[in-house]
Amino acid sequence: MAGHSKFKNIMHRKGAQDKKRSGMFSKLSREITVAAKMGLPDPDMNPRLRAAVNAAKAQSMPKDNIQRAIDKASKGDLENYEEIRYEGFGPAGVSLIIEALSDNRNRTATNVRTAVSKNGGNLGTAGSVSHGFDRVGLINYPAKAGDAEKVFEAALEAGAEDVTSSEDGHEIWTAQGDLHEVAKALEPVLGEAEGAKLAWRPQTMVSVGEDDAATLFKLLDALDDDDDVQTVWGNYEVSDEVMEKLG
């Protein structure tokens, strides 16, 4: 079990800016509603819903908003959201996996294809890049949850497979089928996680230079602005030096 390997830029940052807050809440609400509809509307009895609620709490989403999203699942007029995955390539040949929750497949496909093609990328067919990723569980904790050694020991005891710690926080990786069991075991030691979800972890990374990185971030921002897009995973790595140049 590797300890403190540097592993950055796997999941594009969620917009913390105020202008993106409502869009972020919309995505969190959609995930809560879908999770509640697929299982019981009780977070204690529904691991996916519990993870969605914890992720919403971590972003300071009001309790009333969370409850409304759960209640919406029991209404007969609820949109039928479909989980869709797109695979493709971005600038510098980086591989991207785009996960969406949509009530209109045609709209989402058009918007995603446009965002990718306008920013130096192109969509591929199903399986075109996912073979270069491992399907695993990912549990996120803020840096304040504990130092790297404490989190590593807790993760090891809980049955996790790998831990990545940085000044930004902790990423705890699990086998796909162990995600919720490990997350539950960590709570008494580290508290509630910021997020717990299935993830796509790249097997190899692609280093991206300044010009390509600028275009790549425009692409990621365009996807992030789409309400249907929930998460974007990629195998890109941008050095601190390049990040400083880009501001």
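The rules behind the values
- Residues numbered from 1 in each chain as written.
- Predicted model: local features only at pLDDT ≥ 70, side-chain atom pairs only at ≥ 80, totals over all residues.
- Heavy atoms only, no water.
- Buried < 20%, exposed > 50% of the residue type's maximum accessible area, 1.4 Å probe, protein only.
- Helix = DSSP H or I, 4+ residues; strand = E, 2+ residues; numbered from the N terminus.
- Arc of directions from axis to C-beta.
- Contact = heavy atoms within 4.5 Å.
- Expected span 1.5 Å × (residues − 1).
- Axes fitted to C-alpha atoms, helices over the stretch in contact; angles between N-to-C directions.
- Parallel < 35°, antiparallel > 145°, perpendicular 65-115°, else oblique.
- Left-handed = near helix turned anticlockwise from the far one by under 90°.
- Pairing = 2+ DSSP bridges.
- Core = buried A, V, L, I, M, F, W, Y, C linked by side-chain atoms within 4.5 Å.
- Salt bridge = Lys/Arg side-chain N within 4 Å of Asp/Glu carboxyl O.

Participant: Hey, could you run me through helix α3 (residues 63–72) in this one?
Facilitator: The set of residues buried in α3 consists of Ile-66, Ala-69 and Ile-70. Angularly, the buried residues of α3 cover 100° about the axis, an arc narrow enough to put them on a single face. Of the exposed residues in α3, those oriented more than 90 degrees away from the buried face are Asp-64 and Arg-68. Considering only its buried residues, α3 is in contact with α1 (21–38) and α2 (47–58).

Participant: Help me understand helix α7 (residues 210–224), please; the structure alone is not making it clear to me.
Facilitator: In an α-helix, one turn spans 3.6 residues, which is why side chains three or four residues apart end up on the same side. In this model α7 runs 21 Å from its N-terminal to its C-terminal C-alpha over 15 residues, within 8% of the 21 Å that 1.5 Å per residue would give. Taken residue by residue, α7 has Ala-213, Leu-216, Phe-217, Leu-219, Leu-220, Leu-223 and Asp-224 as its buried positions. Taken around the axis of α7, the buried residues stretch over an arc of 160°, which confines them to a single face. Opposite the packed face of α7, turned more than 90 degrees from it, sit the exposed residues Asp-211 and Lys-218. Looking at the packing, one finds that the buried side of α7 touches α1, β2 (95–102), α4 (105–117), β9 (229–234), β10 (236–237) and α8 (240–246).

Participant: Would you take a moment to explain the packing of α4 against α7 for this structure?
Facilitator: Working note: a packed helix pair is described by the angle between its axes plus the distance between those axes. It is at 9 Å that the axes of α4 and α7 come closest, and there the two elements cross at 165°. Between α4 and α7, the interaxial angle falls into the category roughly antiparallel. Here the hand of the crossing between α4 and α7 comes out right-handed. Residues Val-112, Ala-115 and Val-116 of α4 form the contact with α7, whose own contacting residues are Leu-219, Ala-222 and Leu-223.

Participant: What's the story with the environment of Ala-52 in this structure? I'm lost.
Facilitator: Within the element layout of this structure, Ala-52 appears in helix α2. Distance in space between the C-alpha atoms of Ala-52 and Ile-32 is 5.4 Å, their sequence separation being 20 residues. Those residues in contact with Ala-52 that lie beyond four places of it in its chain are Glu-31 and Ile-32.

Participant: Where do I start with the pairing of strand β1 (residues 82–89) in this structure?
Facilitator: On a regular strand, one side chain projects to one face of the sheet and the next to the other, so that they alternate. Summarising the sheet, β1 and β2 pair through eight bridges and their orientation is antiparallel. Looking across to β2, one finds that Ile-84 is bridged to Ala-100. Hairpin connection of β1 to β2: five residues between the antiparallel strands, including Ala-92 at a positive phi of 65°. In the sheet, β1 pairs with strand β3 (residues 122–123) via two bridges, with the strands oriented antiparallel. Note that in β3 the partner of Phe-89 across the bridge is Asn-122.

Participant: Where do I start with the nonpolar core in this structure?
Facilitator: General note: in soluble globular proteins, nonpolar side chains tend to be found buried as a group. In this structure, Ile-98, Val-112, Leu-223 and Tyr-236 are the most contacted members of the largest nonpolar core, which totals 22 residues. Of all the elements in the fold, those that place two or more residues in this core are β1, β2, α4, α7 and β9. The leading source of residues in this core is α7, at six residues. Those residues in contact with Ile-98, other than ones at most four positions away along the chain, are Ile-84, Arg-85, Tyr-86, Val-112, Val-116, Leu-123, Leu-223, Val-229, Thr-231 and Val-232. Among the nonpolar cores identified, the runner-up in size contains 19 residues, and Ala-51, Ala-158, Ala-183 and Ala-196 belong to it.

Participant: I keep staring at the pattern of salt bridges and nothing clicks. Help me out?
Facilitator: Working definition: two side chains of opposite charge can pair if their charged atoms are close together. In total, this model carries 13 salt bridges according to the counting rule given. Across the salt bridge formed by Arg-105 and Glu-82, the nearest N and O atoms sit 2.5 Å from each other. Of this pair, Arg-105 sits in helix α4 while Glu-82 sits in strand β1, placing them 23 residues apart in sequence. What makes Arg-105 partly exposed here is its relative accessible area of 42%. Exposure remark for Glu-82: the relative accessible area of 32% places this residue in the partly exposed category.

Participant: How should I be thinking about the environment of Leu-186 in this particular structure?
Facilitator: By the secondary structure assignment, Leu-186 is in helix α6 (residues 179–190). Leu-186 sits 138 residues away from Arg-48 along the chain, and the two C-alpha atoms are 16 Å apart. Dropping the residues within four chain positions of it, Leu-186 is found in contact with Ile-139, Tyr-141, Ala-154, Ala-155, Ala-158, Ile-172 and Gly-191.

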